[in-house]
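Take a look at the letters that make up each chain.
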Amino acid sequence: MMALEGAPFEPKPAPDFSSGRYLAPMVRAGTLPMRITATQFGATACFTDVIIDQKLMRSDRHVSSIGSIPLVEYRLPDGGPLAFQTCPREGPVVCQIGSANDVYAISAVQNIERDVSAFDLNCGCNVSFSTKGDMGVNRMFDLESTSAVLKAMVRATNKPVTVKTRLYHENDPDNVGQRRDLEFLAMAEQAGVKAITIHARYPKDSRSAAVHWERLRLIRESANIPVIANGGLMTEDDIAACQDASGCTSFMLARGAFSGISMFKRGPVDGMEFLTKLYENSVLCGVSAANAKYNLSFGFKGRKELVPPPKREALQHCKSYEELGSVLGFRAPVEVLADVGL
Ligand SMILES: Cc1cc2nc3c(=O)[nH]c(=O)nc-3n(C[C@H](O)[C@H](O)[C@H](O)COP(=O)(O)O)c2cc1C
């Protein structure tokens, strides 16, 4: 890669979140190639995978290029792991932070602010990687300290700050999931948050649990900020049903983005065209072939017509982009890189 230290790079302005379709934060899957691909297919903005505050605050900024495309990367010192990567090919990017500490949150935000469009605080992830640090869904049960983290983020940046959470369980003590939903909303609004995403499942639910879009209606009607609906939006019909039930006009897609990227474009898209773009963007961004394989598999999960079983079997053994491209019938990496002058 050529060094382009100091090269100008401006993230796109954040939308106002009052409408549109957003790529959800997804660990491993929400890396730069998928965000560029979602942008190419019409996503209003893309959220990054959750990045822990301490990782962000300790990372150094590096500017290089992929051929003619400038690339900005944040890495832990001494060539350590990548925390965040962006380039001008992506649209508005919302950096999702995992934090339970207002001091760390400020440092994280300030370290990366110049390269992102907005920030989001993760208050909805229920895997141990988040909860053991009192992050993610645990933030729903300590409004005082969550408010402190959000206020710190808002004070630390001029960029919008949003929050992503879940519904409280309907049988929560004191009624009352619904009342607690509204308390969380009020806390977020008072902290200066510009939009709230609600994953319409309960804190302990797995991704296959039932969604409760109807519960979003009261929250949306009570809110002074946009409410982005998330959870179970796998088809255009789901979006229409969610809009009917909740009145929401902003939608966030996670797994649905991989199985139905056309929901961003709202028009027919050939599934193979999506996989080809995802593969080529992965080559360009230089993410590992293992990450590309993981994301591509998300894209053809349950769709035999796209990638039939013998090819799936062959893919399991692929260790390089050359092998991935050859099994899927895509261009070789050298040809993809030639497009950007490499
Ligand atoms: C692979 C994967 C990784 C995820 N990682 C995150 C994450 O980093 N932060 C977050 O807030 N939610 C994360 N989620 C949850 C999604 O953003 C979303 O809330 C959830 O999958 C429900 O949407 P869906 O029904 O459209 O998949 C992840 C989901 C998946 C499938």
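Here the structure is a predicted model, which means the values were calculated and not measured.

Here we take up the overall build of the protein chain. Within the protein chain, the secondary structure is distributed over 15 helices and 12 strands. Expected size for 342 residues packed as a compact globule is a radius of gyration near 20 Å; at 20 Å, the protein chain falls within 12% of this value. Counting only C-alpha atoms, the protein chain reaches 60 × 45 × 35 Å along its principal axes. Taking as baseline every contact in the protein chain between residues at least 6 positions apart, the subset at least 24 positions apart corresponds to 69%.

Note that strand E4 (residues 60-66) and strand E5 (residues 69-75) share seven bridges and pair antiparallel. Looking at the pairing, His 62 lines up with Glu 73 of E5. Two successive antiparallel strands, E4 and E5, enclose a turn made up of two residues, where Gly 67 displays a positive phi of approximately 60°.

Below, the discussion takes up the sheet that holds E4. Reading across from one edge, E4-E5-E6 is the order of the three strands in this open sheet, with antiparallel pairing throughout. The outermost strands of the open sheet, each flanked by one partner alone, are E4 and strand E6 (82-86). On average, adjacent strands in this sheet sit at an angle of 25° to one another, irrespective of strand direction.

This paragraph deals with the domain arrangement of the protein chain. What the domain assignment lists for the protein chain is domain 1 (20-265) and domain 2 (271-338). Taken residue by residue, the interface counts 14 residues in domain 1 and 16 residues in domain 2. The element that contributes the greatest number of residues to the side of domain 1 that touches domain 2 is helix H1 (residues 32-40), accounting for six residues. The residue makeup of the side of domain 1 that touches domain 2, split by class, is eight nonpolar, five polar and one charged.

Moving on to the site of the ligand. Residues in contact with the ligand amount to 22 residues; listed here are only the nearest, Ala 24, Pro 25, Val 50, Ala 254 and Arg 255. Residue composition of the shell around the ligand, grouped by class: 10 nonpolar, eight polar and four charged.

This part is about the pairing of strand E8 (residues 118-123). Among the six residues of E8, six are classified as buried, and the element is accordingly described as predominantly covered. Here E8 shows two buried faces, one formed by Ala 118, Asp 120 and Asn 122 and the other by Phe 119, Leu 121 and Cys 123. Examined bridge by bridge, strand E7 (residues 93-98) and E8 share four bridges and lie parallel to one another. Bridge pairing in E8 links Ile 97 to Leu 121. Since E7 and E8 lie parallel, the crossover through helix H3 (residues 102-112) that links them has a hand, and here it is right-handed. Bridge analysis of E8 against strand E9 (residues 161-166) gives five bridges, and the strand direction is parallel. Paired with Cys 123 across the strands is Thr 165, a residue of E9.

Here the focus is helix H12 (residues 289-300). Look at H12: 16 Å from first C-alpha to last across 12 residues, which is about the 16 Å you get at 1.5 Å a residue. Among all positions in H12, only Ala 292, Lys 293, Asn 295, Leu 296, Gly 299 and Phe 300 are buried. Structurally, H12 contributes buried residues whose contacts are with H1, helix H9 (255-259), helix H11 (271-285), helix H13 (309-316) and helix H14 (321-328). Looking one or two residues past H12, Gly 302 carries a phi angle of roughly 70°, positive in sign.

Running from N to C, H3 and helix H5 (residues 143-156) point in directions that differ by 30°, and their axes come no closer than 8 Å. Overall, the two elements H3 and H5 adopt an arrangement that is roughly parallel. Along this stretch, H3 crosses H5, giving a crossing that reads as right-handed. Contact residues: Asp 102, Ala 105, Ile 106, Val 109 and Gln 110 in H3; Ala 148, Val 149, Ala 152, Met 153 and Ala 156 in H5. Residue classes in the contact of H3 with H5 are distributed as eight nonpolar, one polar and one charged.

This part is about helix H8 (residues 236-246). For H8, the full list of buried residues reads Ile 239, Cys 242 and Ser 246. End-on, the buried residues of H8 take up no more than an arc of 65°, which puts them together on one face. With respect to the buried face of H8, the exposed residues turned more than 90 degrees away are Asp 237, Ala 240 and Asp 244. Structurally, H8 contributes buried residues whose contacts are with helix H7 (216-222), strand E11 (227-230), strand E12 (250-253) and helix H10 (262-265). Once H8 ends, the next one or two residues include Gly 247, with phi positive near 80°.

Relative to the elements of secondary structure, Thr 39 occurs in helix H1. Considering only alpha carbons, one finds Thr 39 and Phe 264, 225 residues apart in sequence, at a separation of 8.5 Å. Setting aside its immediate chain neighbours within four residues, Thr 39 contacts Cys 46, Glu 90 and Gly 91.

Cut-offs applied
Residues numbered from 1 in each chain as written. Predicted model: local features only at pLDDT ≥ 70, side-chain atom pairs only at ≥ 80, totals over all residues. Helix = DSSP H or I, 4+ residues; strand = E, 2+ residues; numbered from the N terminus. Rg over C-alpha atoms; globule rule 2.2 N^0.38 Å. Contact = placed C-beta atoms within 7 Å. Pairing = 2+ DSSP bridges. Axes fitted to C-alpha atoms, helices over the stretch in contact; angles between N-to-C directions. Domains from an automatic or database assignment. Nonpolar A, V, L, I, M, F, W, Y, C, P; charged D, E, K, R; others polar. Near = placed C-beta within 6 Å. Buried ≥ 20, exposed ≤ 12 C-beta atoms within 10 Å, placed from the backbone. Right-handed = clockwise from strand over helix to strand, strands pointing away. Expected span 1.5 Å × (residues − 1). Parallel < 35°, antiparallel > 145°, perpendicular 65-115°, else oblique. Left-handed = near helix turned anticlockwise from the far one by under 90°. Arc of directions from axis to C-beta.

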